[in-house]
Amino acid sequence: MTTGPNRSRKQTGAQNRNVTIKDLAAELDVSITTISRALNGYADVGEKTRKKVIDAARRLGYTPNRNAQRLVTRRSHSIAWVQADDDNKFVDPHFVEVMAGVLREARIDHYDIVMTSETPERQLATYERYVRDGSVDGFIVDLPRPNDPRINFLLEAEVPFVVHGREERQDRYGWVDVDNYGNFYNLTKLILANGHRRIAFINGDERFLYATTRRQAVYDALRDLGHAPETVMYLEGTHPMVEAGFQLTELALTDPSITAFLYSSILLATEGLTAVSRAGRVPGEDVMIASMNDELQYLNLAPVDGQITYVRSSLRAAGRALVAEVIRQCERKKTSGILIPSLFDLGDGVSGEAIAGSVHFA
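Caption draft 1: Structural detail: the confidence of the model for the chain. Scored by pLDDT, the chain comes out at a mean of 89, with 91% of its residues at no less than 70. In this model, residues 1–16 is a region of pLDDT below 50 whose contacts with residues beyond four sequence positions or in other chains number 12 contacts.

Caption draft 2: Highlighting the sheet that holds strand β6 (residues 199–203). Spatial ordering of the open sheet is given by β7-β6-β8-β9-β10-β12, a layout of 6 strands whose pairing is mixed. If you trace the sheet from one side to the other, it starts and ends with β7 (232–236) and β12 (343–345), each paired once. Strand after strand, the sheet turns through a mean of 15 degrees between neighbouring axes, direction not considered. Alignment of β6 against β7, held across 5 bridges, turns out to be parallel. When the sheet's bridge partners are listed, N203 is paired in β7 with E236. Against the sheet, helix α9 (residues 180–193) makes contact with β6, β8 (260–263), β9 (288–293), β10 (309–312) and β12, and its axis sits at roughly 170 degrees relative to β9, the strand it touches most. Strands β6, β7, β8 and β9 of the sheet are contacted by helix α10 (residues 209–224), whose axis makes an angle of about 160 degrees with β6.

Caption draft 3: Summary view of the environment of L60. Tracing the backbone shows L60 in helix α4 (residues 47–60). Taking the relative accessible area as the measure of exposure, L60 reaches 4% and is therefore buried.

Caption draft 4: Region of the structure containing the packing of α9 against α10. Put simply, α9 and α10 touch, their axes get as near as 8 Å, and they point 40 degrees apart. Our classification of the angle between α9 and α10 gives oblique. Where α9 crosses over α10, the handedness of that crossing is right-handed. From α9, N180, Y181, F184, Y185, T188 and L192 reach across to α10, where they touch Y210, T213, R214, Q216, A217, V218, D220, A221, L222 and D224. Here the residues of the contact of α9 with α10 are counted per class, giving 9 nonpolar, 4 polar and 3 charged.

Caption draft 5: The nonpolar core, seen in detail. Counting residues in each nonpolar core, the largest one holds 46 residues, and the members touching the most others are I79, V102, I140, F261, I308 and V323. The element that contributes the greatest number of residues to this core is helix α13 (residues 315–332), accounting for 8 residues. Setting aside residues no more than four positions away along its own chain, I79 makes contact with Y111, D112, I113, V114, G138, F139, I140, V323, V326 and I327. L192, A221, V232 and A260 belong to the second largest nonpolar core, which has 24 residues in total.

Caption draft 6: Region of interest: unusual backbone geometry. Although it is not a glycine, N147 sits at a positive phi angle of roughly 50 degrees. Relative to the elements of secondary structure, N147 occurs in the loop between β3 (138–142) and α8 (149–157). Phi at K333 is positive, roughly 60 degrees, even though this residue is not glycine. Within the secondary structure, K333 sits in the loop between α13 and β11 (337–340).

Caption draft 7: How the structure looks around the environment of G134. Position of G134 among the secondary structure elements: in the loop between α7 (123–133) and β3. Judged by relative accessible area, G134 falls into the partly exposed class, the value being 33%. G134 sits 58 residues away from S76 along the chain, and the two C-alpha atoms are 8.0 Å apart.

Caption draft 8: Representation of the pattern of salt bridges in the model. The full count for this structure, using the stated rule, is 20 salt bridges. A salt bridge links E206 to R215, with the nearest nitrogen and oxygen atoms 2.3 Å apart. Here E206 falls in the buried class, since its relative accessible area comes to 18%. R223 is the salt-bridge partner of D220, the closest N and O atoms lying 3.2 Å from each other. With D220 and R223 both in helix α10 and 3 residues apart, this pair spans about one turn of that helix. Overall, the relative accessible area of 54% leaves R223 in the exposed class. One continuous salt-bridge network, built from bridges that share partners, spans K89, D142, D148 and R150.

Analysis parameters
- Residues numbered from 1 in each chain as written.
- Predicted model: local features only at pLDDT ≥ 70, side-chain atom pairs only at ≥ 80, totals over all residues.
- Heavy atoms only, no water.
- pLDDT = per-residue confidence, 0-100.
- Contact = heavy atoms within 4.5 Å.
- Pairing = 2+ DSSP bridges.
- Helix = DSSP H or I, 4+ residues; strand = E, 2+ residues; numbered from the N terminus.
- Axes fitted to C-alpha atoms, helices over the stretch in contact; angles between N-to-C directions.
- Buried < 20%, exposed > 50% of the residue type's maximum accessible area, 1.4 Å probe, protein only.
- Parallel < 35°, antiparallel > 145°, perpendicular 65-115°, else oblique.
- Left-handed = near helix turned anticlockwise from the far one by under 90°.
- Nonpolar A, V, L, I, M, F, W, Y, C, P; charged D, E, K, R; others polar.
- Core = buried A, V, L, I, M, F, W, Y, C linked by side-chain atoms within 4.5 Å.
- Salt bridge = Lys/Arg side-chain N within 4 Å of Asp/Glu carboxyl O.

See the structure below:
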């Protein structure tokens, strides 16, 4: 058994140079093979041993040699995230929130995110290059569209990937999503149950599946509750949707019969609230405002507390789940779907009885 003073000298000496797996093996008195397999996540290493190896690696300051790891495991510990070459997207708070979650989870799990942008016509070529040279272990796909060519390609390539969203082939790949359909069905039901008979629905960009799903949910709720489609004035924003809330709300306010506004994003809702207030309408008295709230960290909602009914679901949590899902596929060869939880916050004077049995309240 190593004595206290000798153990201290061994650690100090190891920390004066690059620590190797040989040092870890000597420190723990186990084989180099066991150290290597524990660090690389092999299932034949017990959890107790794995934890002991990882703890020692952290204590001694061991940094893995990525090139050596790649030769052994045939993995790069890198995940590709290919973006459209769109300056507006990189200042979109929704994207920034997802990115914050992605980067945090990747750091915790010792993966790198390889982010690049390309024009729409060149995006598939970028995916093909990454698959061909094996420089990444998996992919993140965001803002999916109907019959998305990126999903088509990655399914055919049979490589790990996760989609932020889902479509009809969702059983064939990993995905992370919010309950777009259920949330907007219940928001519409809530508005109608609180006595509103004319609604302005200001949606996101229908090039993307989340927006078409939300529109379908609204009209299904109208139908199921015996209301005509004309109950809703439908207005569609473009992506990103920062300024559309004020402009489209002003347009909807030209119809004095509208007493409720439903927004696809809290950004749209806060901008819309400004337009509503300028028009002399009072949330909680003669108008109801409801919205999706993606929990954008920079946005302070305290000044509008009680004026907006919203359903909260964290984009940052979604970003972390995206990375976790890709890693799960890489290490365990299993895919899964992850639904980010939603919580309903009711505005002042709004009764939640109509949806009490089907949702969670904050």
